[in-house]
Amino acid sequence: EVRLVQSGAEVKKTGESLKISCKASGYIFDQYWIAWVRQMPGKGLEWMGSIFPGDSDSKYRSSLEGQVTMSVDKSTNTAYLQWRSLRASESGLYFCLRGTGQGNIAAAGYDAFDIWGQGTMVTVSS
Amino acid sequence: EIVMTQSPATLSVSPGETVTLSCRASQTVRSNLAWYQQRPGQSPRLLFYGASTRAPGIPTRFSVTGSEAEFTLTIRSLQSEDVAVYFCQQYNHWPLTFGGGTKVEIQ
């Protein structure tokens, strides 16, 4: 079974660092893009960035560059999303997603997402 | 940034009815459009991608039409399990963007 299992909920204070994880199983981790999407309370979905585990090629939403860092550990089939200094506005539910790998632009990261993690709730308070 | 606009924001319908959800892109996304269903308390689930390719396990009472900048998701014979928020997503341009969602409720 193809799965993405995310790390548990986090409660942090503003200015603290955080690294959440997304462990993949049931498929060849290197071959599919992983994206991170956030969902603020009662709101829609916002794409944050995508990373290709095979070579760590990464695409970020421009407004988030420098604010978050995506990474992967191929030895454990795990993707990570990291903040150096959290802000209260970053409280929300964070999902990792797997690209479908279908279509002639999927290889470049332009993709829909067929597998979603269960989400990691991040709460940041002052 | 491509803005994806979904309408209506909320639909309240009776079981067995047919509902039509709209997704409009601020510029063409060709056929690089996906639809997702997010049931209460769950992660989103892929329904369609490539504008019209049904994901595995999605019932045939779900159907889609459209291309370029106008897309429609239709749900026939609405069932209680279809209560959810439905999102569209374009993947033709960076940044990838989602619509704000249409919430489907049972009357």
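Residues numbered from 1 in each chain as written. Chains lettered and ligands numbered in written order. Predicted model: local features only at pLDDT ≥ 70, side-chain atom pairs only at ≥ 80, totals over all residues. Heavy atoms only, no water.

Visitor: Teacher, can you tell me more about the overall build of chain B here?
Guide: Looking only at helices and strands, chain B has zero helices and 11 strands in total. The helix and strand sequence of chain B, counted from the amino end, reads β-β-β-β-β-β-β-β-β-β-β. Taken over the C-alpha trace, chain B has a radius of gyration of 13 Å; the compact-globule value for 107 residues is 13 Å, and the two agree within 12%. Projected onto its principal axes, the C-alpha coordinates of chain B cover approximately 35 × 25 × 25 Å. Considering only contacts in chain B between residues 6 or more positions apart, those separated by 24 or more positions represent 56%. When the 8 basic and 7 acidic side-chain charges of chain B are each reduced to a single mean position, those positions are 6 Å apart. (Helix = DSSP H or I, 4+ residues; strand = E, 2+ residues; numbered from the N terminus. Rg over C-alpha atoms; globule rule 2.2 N^0.38 Å. Contact = heavy atoms within 4.5 Å. Lys, Arg positive; Asp, Glu negative; His and termini not counted. Charge placed at Lys NZ, Arg CZ, Asp CG, Glu CD.)

Visitor: Hey, could you run me through the state of the cysteines in this one?
Guide: Residues and elements named next belong to chain A. Enumeration over the complete set of coordinates arrives at two disulfides over all chains. The side chain of Cys22 participates in a disulfide bridge whose partner is Cys96; the two sulfur atoms lie 2.0 Å from each other. Between Cys22 and Cys96, the S-S torsion sits near 80°, and that sign places the bridge as right-handed. Note that Cys22 is positioned in strand β3 (residues 18–25) and Cys96 in strand β9 (residues 92–99), a separation of 74 residues in sequence. (Disulfide = S-S within 2.5 Å.)

Visitor: Can you walk me through the packing of aromatic side chains in this structure?
Guide: Aromatic rings in a pair are described by how distant their centres are and how their planes are angled relative to each other. All names here are of chain A. Scanning the entire structure with this criterion turns up nine aromatic pairs over all chains. Here the aromatic rings of Trp33 and Phe52 are separated by 5.6 Å at their centres, their planes lie at 50°, and the arrangement is tilted. Here Phe52 lies in strand β5 (residues 45–52) and Trp33 lies in the loop between β3 and β4 (34–39), a separation of 19 residues in the sequence. Take Trp33: its relative accessible area is 4%, and that puts it in the buried class. (Phe/Tyr/Trp six-rings, centres within 6.5 Å; stacked < 30°, edge-to-face > 60°. Buried < 20%, exposed > 50% of the residue type's maximum accessible area, 1.4 Å probe, protein only.)

Visitor: Please explain the sheet that holds strand β7 (residues 62–67) of chain B as it appears in this structure.
Guide: Whether parallel or antiparallel, the strands of a sheet pair through hydrogen bonds between backbone atoms. All names here are of chain B. The strand order across the open sheet formed by four strands is β1-β3-β8-β7, and the pairing between neighbours is antiparallel. Two strands close off the open sheet at either side, each with one partner strand: β1 (4–7) and β7. Strand-to-strand twist across the sheet, computed as the mean angle between neighbouring axes with direction ignored, equals 15°. Across six bridges, strand β3 (residues 19–25) lies against strand β8 (residues 70–75) in antiparallel orientation. (Pairing = 2+ DSSP bridges. Axes fitted to C-alpha atoms, helices over the stretch in contact; angles between N-to-C directions.)

Visitor: Would you explain the pairing of β3(A) in this entry?
Guide: Sheet analysis places strand β1 (residues 3–6) of chain A next to β3(A), joined by four bridges and oriented antiparallel. Each residue of the ladder has a partner; that of Gln6(A), found in β3(A), is Cys22(A).

Visitor: Help me understand the interface of chain B and chain A in this model?
Guide: A common way to express how large an interface is: the accessible area buried when the components associate. The partner chain A presents 24 residues to the 20 residues of chain B that form the contact. Summed over both sides, the interface between chain B and chain A buries roughly 1800 Å², with carbon and sulfur atoms accounting for 68% of that surface. When the buried surface of chain B facing chain A is broken down by residue, Trp94(B), Leu96(B) and Phe98(B) rank first, second and third, together holding 36% of it. On the surface where chain B and chain A come into contact, there are one salt bridge. Salt-bridge contacts for Glu1(B) lead to Arg61(A); the nearest nitrogen and oxygen are separated by 3.0 Å. If you look at where chain B meets chain A, you find six residue pairs in polar contact (both at pLDDT 80 or more). Elements represented by at least two residues in the side of chain B that touches chain A include exactly β4 (33–38), β5 (45–49), β9 (84–90) and β10 (97–98) of chain B. Class assignment of the residues belonging to the side of chain B that touches chain A gives a composition of 11 nonpolar, seven polar and two charged. (Buried area = accessible area lost by both parts, 1.4 Å probe. Salt bridge = Lys/Arg side-chain N within 4 Å of Asp/Glu carboxyl O. Polar contact = N/O pair within 3.5 Å; in protein donor to acceptor, adjacent residues only side chain to side chain. Nonpolar A, V, L, I, M, F, W, Y, C, P; charged D, E, K, R; others polar.)

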